[in-house]
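Take a look at the letters that make up each chain.
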Amino acid sequence: MSYLEYTVKTTPTGWRKVLYINWPLVILLTAVASVGFLMLYSVAGGRLDVWAEPQMKRFGLGLAAMFVTAMVPIWLWRNLSVLAYLGALALLIAVELFGTVGMGAQRWIDIGFMRLQPSELMKIALVMVLAAYYDWLPLRKTSRPLWVLMPILLILLPTGLTLIQPDLGTALLLMIGGGLIMFLAGVHWAYFAVVIAAGVGTVFTVFESRGTDWQLLKDYQFRRIDTFLDPSTDPLGAGYHITQAKIAMGSGGWTGRGFMQGTQSRLNFLPEKHTDFIFNTLAEEFGFVGGMSLLTLYVLILLFCIFAALRNRDRFSSLLTLGIGLTFFLYFAVNMSMVMGLAPVVGVPLPMVSYGGSAMLVLMIAFGLVQSAHIHRPR
Amino acid sequence: MRRTPKESSDSWRRISRRALLLGGVQLGFAGMLGLRMHHMQVDQADEFRLLAEENRINMRLIPPSRGRIFDRKGKVIAENTPTYRITIVREDAGDVEDVIAKLSALVELDEDELNRALAEMRRSAPFLPITIADRVSWESISRVAVNAPALPGVTPEVGLSRFYPQHGNFAHVVGYVGPVSERDLARYEDPEPVLRIPRFQIGKVGVEAKYEEELRGKAGAKRVEVNAVGRVMRELDRREGDNGADIQVTIDSDLQDYVQARLGHESASCVIMDVEKGDLLAIASAPSFDPNKFVRGISVADYSILRDNDHRPLASKTVQDAYPPGSTFKMVTALAALEAGVLSPDDTVWCPGHLEVGSRRFHCWKRSGHGHVTLEQALQQSCDVFFYDVAMKVGIDRIADVGRRLGLGTAPDVPMSATTSGIMPNREWKQRERGKGWLIGDTVNASIGQGFVLTSPLQLAIMTARIATGREVHPRLVKTIDGVETELVGGQALDINPNHLRWVRKGMSSVMNTTRGTGYRSRVVAEGYELAGKSGTAQVRNRVVSNDEVPWVERDHALFVGFGPVNAPRIAVSVVVEHGGGGSSAAAPIVRDVALQALYGGTPPLDAYPSSDHDKIKELQERLDRERRERAEQARGRA
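Residues numbered from 1 in each chain as written. Chains lettered and ligands numbered in written order. Predicted model: local features only at pLDDT ≥ 70, side-chain atom pairs only at ≥ 80, totals over all residues. Heavy atoms only, no water.

Could you clarify how one ought to interpret the overall build of chain A in this entry?
Helices and strands together make up the secondary structure of chain A, namely 14 helices and 3 strands. Buried positions account for 53% of the 379 residues belonging to chain A. Pairs at least 24 apart in sequence give 71% of the contacts found in chain A among residues at least 6 apart. Approximately 16,700 Å² of chain A is accessible, and the part contributed by carbon and sulfur atoms is 70%. (Helix = DSSP H or I, 4+ residues; strand = E, 2+ residues; numbered from the N terminus. Buried < 20%, exposed > 50% of the residue type's maximum accessible area, 1.4 Å probe, protein only. Contact = heavy atoms within 4.5 Å. Areas by Shrake-Rupley, 256 points an atom, 1.4 Å probe, with all protein chains shown as cover.)

Structural data, given as structure tokens:
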């Protein structure tokens with residue numbers, strides 16, 4: 001490469017950064033959040049103060065956090081990655097020791113104005129630390145066993161901590177998300193083949209063991225699987241909720257029953273109607289059109305992340321943006337599969353829509369990182 | 001950190017390849033979610049919508065209002081009155097303890113009921129109303145209503161409950177209602193859903209039970225929208241049910257009231273029947289009890305008081321108890337003899353005071369004997385030997401046959417509980433029931449209404465009505481249902497020679513209207529109101545000592561049957577006073593008094609009574625007036 005061919009690329013600095021903020025992403029996120037406000041207003045029976053208003057305040061806070069995050073240069077974020085990871089890990093341990101018990105699990109730390117869920121923070125911190133790790137690691141070493149072991153440890157540590165909370169959903173998301181980042185970073189196919197084969201083998205063995213004297217799962221755990229596969233086997237227990245959720249969604253039809261007219265959610269047949277199952281209210285009140293609109297918004301945000309990553313030639317930025325897009329995808333894909341009866345109910349919120357503080361704030365900060373990578377791209 | 005350009009571009013290629021691959025998978029998954037949504041919301045929409053409707057729509061029953069019961073003149077016997085109760089909804093009350101404390105300052109709260117309510121509150125959903133005070137007075141309810149703003153979650157509620165304004169007067173006739181029990185439900189093959197409503201009341205005994213279907217009516221229904229826990233959100237539509245039919249009974253409540261008061265504290269019963277249609281004008285069993293106590297479940301203490309009373313207030317003695325009819329049976333023996341042609345009115349029988357039958361000696365009540373007696377004299381003085389003699393000539397089977405024609409031995413068809421058929425024995429009966437052959441002594445005993453013969457007071461009244469009219473009178477208790485008059489049964493002439501009946505009636509008239517008659521002291525002197533009758537004394541056990549020397553339960557039952565006016569009978573009366581002693585002294589005055597009340601349609605003039613009785617009648621009238629006043633006061637206190 002000759003000197004003449006070399007073009008000087010610069011990174012925006014100072015107030016000019018604002019010009020480079022990706023506004024379409026901000027608009028997309030605001031649109032998704034607004035769907036959330038609307039639905040929270042509806043499931044509260046036309047009351048703002050119950051869920052919609054606190055959620056709006058949090059979104060405002062989230063927007064501010066996103067802009068602040070975006071302004072910080074991406075290289076600084078890279079250098080802070082390990083610190084973020086260690087911080088999140090420390091919080092996860094702290095939650096084990098001093099956390100608040102709620103809904104049968106120990107998940108929160110009360111920090112005064114809100115209840116922080118460290119496992120949410122960890123989702124982003126893990127993406128950051130893995131991106132930084134592969135940014136640091138010379139490419140030729142990517143697939144060497146020793147250097148593969150390192151990220152696996154980075155993933156398993158927080159996964160294990162979330163499992164004891166217990167929060168199976170988040171633990172699975174961390175594991176799948178982390179593994180996929182390793183895949184994106186270029187770890188050799190063979191490793192994944194082995195893991196997938198082992199996974200399939202395990203599932204097969206577990207099912208085969210049923211009814212034998214070396215049975216690997218407890219009877220109730222098998223029953224839970226049965227319930228998921230056929231909700232009618234437990235119509236008043238766990239199956240009840242998923243059946244009611246499907247009824248809510250199915251009865252929406254093309255255009256839905258109209259805003260605030262959803263009988264399933266308004267009459268409380270729907271479980272967790274303001275958190276995990278809020279999509280069913282949307283689907284009931286706005287029908288297929290409403291549900292598809294939200295899905296389209298999600299896909300647009302996802303596509304934005306993928307394209308932004310492709311335009312980022314810096315390895316950290318790329319992997320970070322892809323990883324955040326992936327995390328976002330896993331959120332809505334798992335939640336929607338769950339509420340449509342395609343996956344077991346594991347307690348994953350619908351991103352930016354479900355009522356909840358930590359998840360929204362953390363996601364906004366994550367998109368701040370995406371914005372930072374976008375702004376600080378050399379042009 | 002430094003990297004070579006080669007490495008950098010190589011790394012980029014690999015990331016972008018895999019990113020595109022993963023992006024493709026993600027888009028594919030999103031597409032699949034979209035297809036799934038389409039499948040559920042478009043292809044299966046109808047199915048799911050149906051399921052959603054089933055979820056939210058619920059049918060609720062509207063209990064019908066129970067039909068009322070009136071007497072023959074339209075006076076209320078059973079009605080539905082509002083009852084007030086106070087309910088509390090936990091979720092609306094907020095601080096339940098505080099609200100209850102405030103409430104107890106306004107209303108007297110029962111400790112037990114309060115504890116039960118608190119326990120119930122802990123168990124049930126927070127939005128369900130829990131009753132914390134039942135049967136609250138109107139004053140208390142209005143105090144609560146006025147203070148409603150200070151009592152969140154507290155609601156004064158009004159419901160309908162059966163009320164019997166005449167209290168004890170109709171307890172045995174009309175019966176009472178009570179909460180549906182498991183046993184009640186078991187009676188029905190497919191119980192109506194309305195029966196499963198908590199606190200729903202159905203007829204337990206008497207007319208209330210026999211006409212349950214008519215009185216209950218048909219439940220209405222409303223479609224309501226409910227939420228997941230069953231709370232009613234709004235009403236969608238409503239179909240009113242049919243209220244129960246009103247029933248009018250043949251009883252004259254004023255007369256019934258008089259009879260009940262006249263029987264007083266005796267263990268006694270009285271039936272007054274209209275001989276024309278068979279309408280029961282009064283049918284009283286004393287002592288009585290207040291059916292209102294049973295409506296919402298009687299307390300164990302109250303129940304044991306009623307159960308352990310030796311005068312058996314719970315028994316409906318007029319239809320449920322059977323007594324030896326004693327000498328009131330003599331008309332049957334006489335008619336059987338006349339019908340068989342073994343007796344004519346002029347025949348006489350010699351009564352030396354006893355009759356030898358085989359090796360046994362049967363006594364007349366008059367040890368010195370009556371001498372030569374005719375039929376009329378035999379009835380008049382109640383000569384036993386006369387009837388021993390003619391009965392032996394006729395035989396039990398023909399006596400039983402006449403008895404049956406007069407209504408004995410079969411249960412009268414009245415809508416009251418546990419109606420007995422009594423016993424009208426014959427040879428076949430004894431063989432079947434006792435496994436023994438009929439003896440001549442059995443006939444002798446039966447001829448004067450002792451031995452195996454048993455009759456209920458109602459049967460005695462029917463017998464008397466049939467003798468008085470010569471027609472097959474059947475009792476009628478229900479006059480109209482829903483305004484439609486009930487059918488009259490019977491009424492055709494009896495298969496008995498009218499002349500024979502006339503002769504017997506003449507004898508019965510002599511009983512009351514001739515100086516030697518056993519009922520003469522209880523005669524009526526008002527012209528046109530004279531009665532005819534027959535006394536009876538039923539032996540409770542064989543003994544020779546006099547009544548005064550044995551305990552109450554071993555004394556004779558006193559009976560008297562009568563009809564009047566003697567020349568154009570309108571009513572028939574029977575009275576049984578348990579362990580009352582002689583029929584002519586204990587039962588006959590009651591028959592005279594109640595019959596005059598019935599014939600006059602109110603209090604008769606004093607000169608309807610023999611002058612020797614005037615003082616007693618005045619005293620009696622004062623006592624009844626006083627008792628009525630007391631009962632009226634008591635009723636006001638209870639209401």
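What should I look at first to understand the overall build of chain B in this one?
Along its length, chain B carries 23 helices and 23 strands. Within the span of chain B, comprising 639 residues, buried residues form 52% of the whole. Across chain B, contacts joining residues at least 24 apart in sequence account for 71% of those joining residues at least 6 apart. As displayed, chain B offers around 29,400 Å² of accessible surface, 49% of which is attributable to carbon and sulfur atoms.

Is there a simple way to explain the interface of chain B and chain A in this structure?
How big an interface is tends to be expressed through the accessible area that disappears when the partners come together. Taken together, the contact between chain B and chain A spans 41 residues of the former and 57 residues of the latter. Surface buried jointly by chain B and chain A totals about 4,400 Å² across both partners, of which 69% is contributed by carbon and sulfur atoms. Counting the contacts that link chain B with chain A gives 0 salt bridges. The tally of links from chain B across to chain A stands at 8 residue pairs in polar contact (both at pLDDT 80 or more). (Buried area = accessible area lost by both parts, 1.4 Å probe. Salt bridge = Lys/Arg side-chain N within 4 Å of Asp/Glu carboxyl O. Polar contact = N/O pair within 3.5 Å; in protein donor to acceptor, adjacent residues only side chain to side chain.)

In this structure, what is going on with the packing of helix 4 (residues 74-98) of chain A against helix 13 (residues 315-339) of chain A? I would like to understand it.
When two helices pack together, their arrangement is given by the angle between the helix axes and by the axis-to-axis distance. Residue and element names in this part refer to chain A. Contact geometry for helix 4 and helix 13: axes closest at 10 Å, N-to-C directions at 75 degrees. In terms of their interaxial angle, helix 4 and helix 13 are classed as roughly perpendicular. Within the contact between the two elements, helix 4 uses Ile74, Trp77, Arg78 and Ser81 and helix 13 uses Phe316, Ser317 and Leu320. For the contact of helix 4 with helix 13, the residue count by class is 4 nonpolar, 2 polar and 1 charged. (Axes fitted to C-alpha atoms, helices over the stretch in contact; angles between N-to-C directions. Parallel < 35°, antiparallel > 145°, perpendicular 65-115°, else oblique. Nonpolar A, V, L, I, M, F, W, Y, C, P; charged D, E, K, R; others polar.)

Would you explain the side chain of Thr87 of chain B in this entry?
Residues and elements named next belong to chain B. Note on placement: Thr87 falls in strand 3 (residues 76-89). Its relative accessible area of 2% is what places Thr87 among the buried residues. Filtering out sequence-adjacent residues up to four positions away, Thr87 remains in contact with Pro129, Ile130, Thr131, Ile132, Gly153, Val154, Thr155 and Glu157.

Honestly, empty space enclosed by the protein in this entry has me stumped. Any pointers?
Going through the model one piece at a time under the given rule, you end up with 5 cavities of 30 Å³ or more. Of the voids in this model, the largest cavity is the one considered here, and its volume is about 80 Å³. Around the largest cavity, the lining residues are Lys123, Leu126, Val127, Leu173, Leu174, Gly177, Gly178, Ile181, Thr327 and Leu330 of chain A. Those elements that provide at least two residues to the lining of the largest cavity are helix 5 (118-136), helix 7 (168-185) and helix 13 of chain A. Element by element, the count of residues in the lining of the largest cavity is highest for helix 7 of chain A, at 5 residues. Taken together, the residues that form the lining of the largest cavity break down as 6 nonpolar, 3 polar and 1 charged. Of the pockets and cavities examined, the second largest cavity occupies roughly 60 Å³. Lining the second largest cavity, in full, are Leu184, Leu302, Cys305, Ile306, Leu322, Gly325 and Leu326 of chain A together with Ala19, Leu22, Gly23 and Gln26 of chain B. Of all the secondary-structure elements, those providing two or more residues to the lining of the second largest cavity are helix 12 (278-311) and helix 13 of chain A together with helix 1 (5-43) of chain B. Counting residues per element, the lining of the second largest cavity draws most heavily on helix 1 of chain B, which supplies 4 residues. (1 Å grid on protein atoms, 1.4 Å probe; cavity = no way out; pocket = protein on both sides within 12 Å on 5 of 7 lines; lining within 4 Å. Points joined across faces, edges and corners; volume = space filled by probe spheres on them.)

Would you mind showing me how to read the packing of aromatic side chains here?
Working definition: an aromatic ring pair is given by the centre-to-centre distance plus the angle between the planes. Under the defined criterion, the tally for this structure stands at 26 aromatic pairs over all chains. Between the aromatic rings of Tyr133 of chain A and Trp136 of chain A, the centroid separation amounts to 6.1 Å while the plane-to-plane angle is 45 degrees, which identifies the pairing as tilted. In this pair, Tyr133 of chain A and Trp136 of chain A are both assigned in helix 5, 3 residues apart and thus about one turn of the helix distant. The exposure class of Trp136 of chain A is partly exposed, given its relative accessible area of 45%. Here the basic side chain of Arg18 of chain B rests over the ring of Phe183 of chain A, its NZ or CZ set 4.6 Å away from the ring centre. (Phe/Tyr/Trp six-rings, centres within 6.5 Å; stacked < 30°, edge-to-face > 60°. Lys NZ or Arg CZ within 6 Å of the ring centre and 35° of its normal.)

Explanation requested: the pattern of salt bridges in the structure shown.
Side-chain pairs of opposite charge can arise whenever the charged atoms involved come near each other. Residue and element names in this part refer to chain B. Overall, the coordinates contain 38 salt bridges over all chains when judged by the stated rule. Here Arg162 ties to Glu208 by a salt bridge, and the two come within 2.8 Å at their closest N and O atoms. Here the residue Arg162 occupies a position in strand 5 (residues 154-163), and Glu208 occupies one in helix 8 (residues 206-210), the gap between them amounting to 46 residues. Of the two residues, Arg162 and Glu208, neither departs from the other in class, the shared state being buried.

Please clarify how the environment of Gln320 of chain B should be interpreted in this entry.
All names here are of chain B. Looking at the secondary structure, you find Gln320 in helix 13 (residues 317-320). A relative accessible area of 32% places Gln320 in the partly exposed class. Linking Gln320 and Thr420, residues 100 residues apart in sequence, is a C-alpha distance of 5.1 Å. What Gln320 contacts, discounting residues up to four positions off in sequence, is Ala315, Ser417, Ala418 and Thr420.

For this particular structure, what's the right way to read the sheet that holds strand 11 (residues 268-274) of chain B?
Sheets are built from strands paired through backbone hydrogen bonds, the pairs being either parallel or antiparallel. All names here are of chain B. In spatial order, the strands read 12-11-23-22-21; together these 5 strands make up an open sheet with antiparallel pairing. The open sheet terminates on both sides in strands that have one partner only, identified here as strand 12 (280-286) and strand 21 (532-538). With strand direction ignored, the average angle separating the axes of adjacent strands in the sheet is 5 degrees. Bridge count between strand 11 and strand 23 (residues 571-577): 7 bridges; the pairing is antiparallel. Opposite Val271, over in strand 23, you have Ser574 as the bridge partner. (Pairing = 2+ DSSP bridges.)

It is not clear to me how helix 7 of chain A should be interpreted in this structure. Could you clarify?
It helps to recall that an α-helix has 3.6 residues per turn; residues three or four apart then point in one direction. Residues and elements named next belong to chain A. For helix 7, which comprises 18 residues, the first-to-last C-alpha distance of 26 Å matches the rise-based estimate of 26 Å (1.5 Å per residue) to within 8%. Extensive coverage of helix 7 is indicated by the burial of 13 of its 18 residues. Gly186 occupies a position one or two residues after helix 7 and carries a positive phi of about 105 degrees. (Expected span 1.5 Å × (residues − 1).)

I keep staring at unusual backbone geometry and nothing clicks. Help me out?
With the exception of glycine, the majority of residues adopt a negative phi angle, and the majority of peptide bonds are in the trans configuration. Residues and elements named next belong to chain B. Cis geometry marks the peptide bond from Ala286 to Pro287; its omega dihedral reads -5 degrees. Backbone torsion omega between Gly564 and Pro565 reads -10 degrees, so that peptide bond is classified as cis. We note that Ser382 has phi near 60 degrees; this positive angle belongs to a residue other than glycine. With respect to the helices and strands, the residue Ser382 is situated in the loop between helix 15 (375-381) and helix 16 (384-394). The exposure class of Ser382 is buried, given its relative accessible area of 5%. A positive phi angle, near 55 degrees, is found at Ala418, a position not held by glycine. Tracing the backbone through its elements, the reader meets Ala418 in the loop between helix 17 (396-405) and helix 18 (427-434).

Scope: geometric values only; no functional claims are made or implied.
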